[in-house]
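Residues per chain are reported as follows:
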Amino acid sequence: MFKGLFGGSRFLKRMNPLMELYSYSKNSEKTYKELMALEPLAKTKGEKAMFNLNRAGLLYDMYKYREAADVMREIPSINPEFDAQCAQMKTRIMAAMTRGEHR
C-alpha cells in the first residue's frame, strides 16, 4: 500500500534527513530553500502531500501563516493518520492567525 503512495523514492531518502537536521538546527529559511529544491523529486500523491505538509510547517515556523494556510489547502486526504497530522497543522496555523500573529 505505501509503495503506491511513496514508492522507494529518492525524494523521501533526501527529505527525511533534511527534516531531521532541521529539528536540530531550527534554520527554517535555509531548510525551506533546500526543501523547495526537492519538489521535482516528489512524484506520487503521498510524496507531494508530505512535501506540502513539511513546506507548510516551515512557513509556519517562519511566521508566514497566510502562505502556510494556502499550502495546507492544496493537500489532499491520504489516510486517517496523515489527515490527523494535517488537522494539527491547520489548527496551529489558525490559532496563530486568530491571535493576530500573522504577517
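Each remark here, short or long, concerns the structure printed above.
Quick caveat, the model's predicted, so the values are computed rather than measured. Think of each chain on its own: its residues are numbered from 1, step by step along the sequence as written. Given that this is a predicted model, residues contribute local features only at a pLDDT of at least 70 and side-chain atom pairs are listed and counted only at 80 or more, while totals for whole chains, interfaces and linings are drawn from all residues. Hydrogen atoms and water are omitted, and side-chain values are computed over all heavy atoms in the structure.

Engineer: Explain the packing of helix α3 (residues 28-37) against helix α4 (residues 45-61) here, please?
Structural biologist: The packing of two helices is summarised by the inter-axis angle and the distance between the axes. With axes taken as lines fitted to C-alpha atoms, and helix axes fitted only over the stretch in contact, angles between N-to-C directions fall between 0 and 180 degrees. Numbering of helices and strands runs from the N terminus, with a helix taken as a DSSP run of H or I at least four residues long and a strand as a DSSP run of E at least two residues long. The contact between α3 and α4 brings their axes to 9 Å, and the two run at 155 degrees. Accordingly, the angle class assigned to the pair α3 and α4 is roughly antiparallel. Relative to α4, the crossing made by α3 is left-handed. The residues of α4 that touch α3, namely those facing S28, T31, Y32, L35 and M36, are F51, N54, R55, L58, L59 and D61. For this classification, under 35 degrees means roughly parallel, over 145 means roughly antiparallel, 65 to 115 means roughly perpendicular, and everything else is oblique. Each helix crossing is assigned a hand: it is left-handed if the near helix lies turned anticlockwise from the far helix by less than a right angle, otherwise right-handed if that turn is clockwise. Residue contacts follow a heavy-atom distance rule, with two residues in contact if any of their heavy atoms lie within 4.5 Å.

Engineer: Explain the packing of aromatic side chains to me, please; I cannot follow it from the model alone.
Structural biologist: How two aromatic rings sit relative to each other is set out by the distance from centre to centre and by the angle between their planes. Side-chain rings of Phe, Tyr and Trp, where Trp is taken by its six-membered ring, are said to pair if the distance between their centres is within 6.5 Å; with planes under 30 degrees apart they count as stacked, over 60 as edge-to-face, and otherwise as tilted. Under the defined criterion, the tally for this structure stands at 3 aromatic pairs. Aromatic side chains Y60 and Y65 sit 5.2 Å apart centroid to centroid with 55 degrees between the ring planes, which places their arrangement in the tilted category. Classification of Y60 by relative accessible area gives buried; the value is 16%. Ring plane angle 90 degrees and centroid distance 6.2 Å describe the contact between Y63 and Y65, whose orientation is recorded as edge-to-face. Each residue is assigned to one of three classes by its accessible area relative to the maximum for its type, calculated with a 1.4 Å probe on protein chains only: buried under 20%, partly exposed between the two thresholds, exposed over 50%.

Engineer: Is there a simple way to explain the nonpolar core in this structure?
Structural biologist: With 32 residues, the main nonpolar core has F11, M15, M72 and I93 as its most contacted residues. When residues of this core are assigned to their parent elements, the largest contribution, 8 residues, is made by α4. Once residues within four sequence positions are removed from consideration, I93 is found in contact with Y60, Y65, A68, A69 and M72. Joining through side-chain atoms within 4.5 Å is the link that ties buried Ala, Val, Leu, Ile, Met, Phe, Trp, Tyr and Cys residues into a set, and such a set is a nonpolar core.

Engineer: Sorry, what's going on with the pattern of salt bridges here?
Structural biologist: Two side chains bearing opposite charge may form a pair once their charged atoms approach each other closely. We define a salt bridge as a contact between a side-chain nitrogen of Lys or Arg and a carboxyl oxygen of Asp or Glu at a distance within 4 Å. Tallied over the entire structure, the rule returns 2 salt bridges. Across the pair K30 and E34 runs a salt bridge, and its minimum N-O distance is 3.9 Å. Pair noted here: K30 and E34 are both in helix α3, with a separation of 4 residues, about one helical turn. Look at E34 and you get partly exposed, because its relative accessible area is 35%.

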